[in-house]
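# A closer look at the structure
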Amino acid sequence: MKAIGVFDSGVGGLTVVKEIIKTLPYEDIVYFGDTARVPYGIKSKPTIIKFSLENILFLLKQDVKIIVVACNTSSSVALPVLKRHFKIPIIGVISPGVKEAVYATRGGRIGVIATKATINSAAYERQIKQLNPKIKVFNQACPLFVPLAEEGWLKEKATYDIARHYLKPLKDARIDTLIMGCTHYPLLKKVFREILGGSVTLIDSAMQVTLETKQVLANEGLLNKKRSAKYLFYVSDELQQFRKLAKNFLGREITNLRRVNNV
Ligand code: DGL
């Protein structure tokens with residue numbers, strides 16, 4: 001049976017893979033992390049679209065049956081173009097997170113933290129307003145969180161200082177729900193929780209993305225029937241750093257890791 005193809009600009013999409021492995025333990029997964037070209041979050045729309053198209057073409061060569069765009073920046077900027085270009089089912093991470101947040105909010109005040117490109121695309125705000133125009137959305141680009149997560153700085157004082165700075169306007173706006181709109185941010189969940197307090201609901205779309213993937217596979221009769229799974233990981237740059245970080249993101253060692261030179 002064919003695999004689930006997942007791509008991200010780097011290592012962050014492994015937070016989604018972790019959830020897929022938990023929920024769909026008999027599905028093969030091929031992951032591509034574009035580590036040579038990360039970060040996408042500070043790049044222009046045409047560049048992000050070009051990289052995303054190339055990543056899908058690479059995954060299609062690996063014989064996948066569905067594509068999960070496990071990158072908020074690609075999903076928010078490129079998803080409509082990707083869906084127009086390919087026949088294969090493509091799942092993004094924005095609408096699952098939006099649905100969950102709209103469902104979770106009690107006071108109708110949702111904060112969105114994400115990369116600059118995601119915030120500038122206004123994809124989250126647009127989709128939230130489509131579901132409920134009365135909800136107030138407060139956006140905050142947090143470009144420093146990606147390098148902090150990549151460095152494994154999850155408890156350092158500097159991380160708390162930066163997070164306090166980014167989250168202050170959202171705290172002042174009295175948000176009741178926070179969308180962690182970037183694959184890397186769930187690693188900093190504890191930091192957000194401490195700063196915002198227990199009354200703010202934190203939304204990590206990985207679970208919802210997985211359920212949507214499962215639903216599409218079930219509808220199309222594409223769920224795996226065998227009782228084992230293979231995982232293959234590809235990156236476009238050196239392996240060592242990815243392998244090290246992968247442990248934090250995936251919660252386990254990765255074994256089948258390969259480098260590709262041309263996607
Ligand atoms: N994967 C990106 C995202 O979820 C974060 C890293 C980047 O900027 O490429 O938005």
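Presented here is an overview of the structure given in this document. (Residues numbered from 1 in each chain as written. Predicted model: local features only at pLDDT ≥ 70, side-chain atom pairs only at ≥ 80, totals over all residues. Heavy atoms only, no water.)

Of all residues adjacent to the ligand, which total 14 residues, the nearest are D8, S9, Y40, G41 and T73. Within the backbone of Y40, a nitrogen or oxygen atom sits 2.6 Å from an oxygen atom of the ligand. In the model, an oxygen atom of the ligand is placed 2.6 Å from a nitrogen or oxygen of the T73 side chain. Bound to the protein, the ligand loses 99% of the 290 Å² it would expose on its own. For the shell around the ligand, the per-class residue count stands at six nonpolar, seven polar and one charged. (Near = heavy atom within 4 Å. Polar contact = N/O pair within 3.5 Å; in protein donor to acceptor, adjacent residues only side chain to side chain. Areas by Shrake-Rupley, 256 points an atom, 1.4 Å probe, with all protein chains shown as cover. Nonpolar A, V, L, I, M, F, W, Y, C, P; charged D, E, K, R; others polar.)

Now for the packing of aromatic side chains. What characterises a pair of aromatic rings is the spacing of the ring centres plus the angle enclosed by the ring planes. Following the criterion strictly, the structure yields nine aromatic pairs and no others. When the ring of Y31 is compared with that of F242, the centres are 6.2 Å apart and the planes differ by 40 degrees; the resulting orientation is tilted. Here Y31 is found in strand β2 (residues 29-33), whereas its partner F242 is found in helix α11 (residues 239-250), with 211 residues between them in sequence. Of the residues examined, F242 reaches a relative accessible area of 2% and is grouped as buried. Ring geometry for F58 versus Y234: centroids 5.2 Å apart, planes at 80 degrees, classification edge-to-face. Separated by 176 residues along the polypeptide, F58 in helix α2 (residues 45-61) and Y234 in strand β9 (residues 231-235) bring together distant segments of the chain. By relative accessible area, which is 5% here, F58 ends up buried. Overall, the relative accessible area of 8% leaves Y234 in the buried class. What links up through ring pairs into an aromatic cluster is the set F145, Y166, Y185 and F192. When the ring centre of F51 is taken as origin, the NZ or CZ atom of R37, which lies over that ring, is 3.8 Å away. (Phe/Tyr/Trp six-rings, centres within 6.5 Å; stacked < 30°, edge-to-face > 60°. Helix = DSSP H or I, 4+ residues; strand = E, 2+ residues; numbered from the N terminus. Buried < 20%, exposed > 50% of the residue type's maximum accessible area, 1.4 Å probe, protein only. Lys NZ or Arg CZ within 6 Å of the ring centre and 35° of its normal.)

Using a probe with the size of a water molecule, rolled over the atoms, empty space left in the structure can be pinpointed. Reported here for the largest pocket is a volume of approximately 440 Å³. Every residue lining the largest pocket is counted, 27 residues in all, and those nearest its centre are S75, S76, V77, P80 and A123. The dominant element in the lining of the largest pocket, judged by the number of residues it contributes, is helix α3 (residues 72-85), at seven residues. Size it by volume and the second largest pocket reaches roughly 300 Å³. In this structure, the second largest pocket is lined by 14 residues; those nearest its centre are T15, K18, P186, L187 and D204. Looking at the lining of the second largest pocket, the elements with two or more residues in it are α1 (14-23), α10 (206-219) and α11. A per-element tally of the lining of the second largest pocket places α1 first, with four residues. (1 Å grid on protein atoms, 1.4 Å probe; cavity = no way out; pocket = protein on both sides within 12 Å on 5 of 7 lines; lining within 4 Å. Points joined across faces, edges and corners; volume = space filled by probe spheres on them.)

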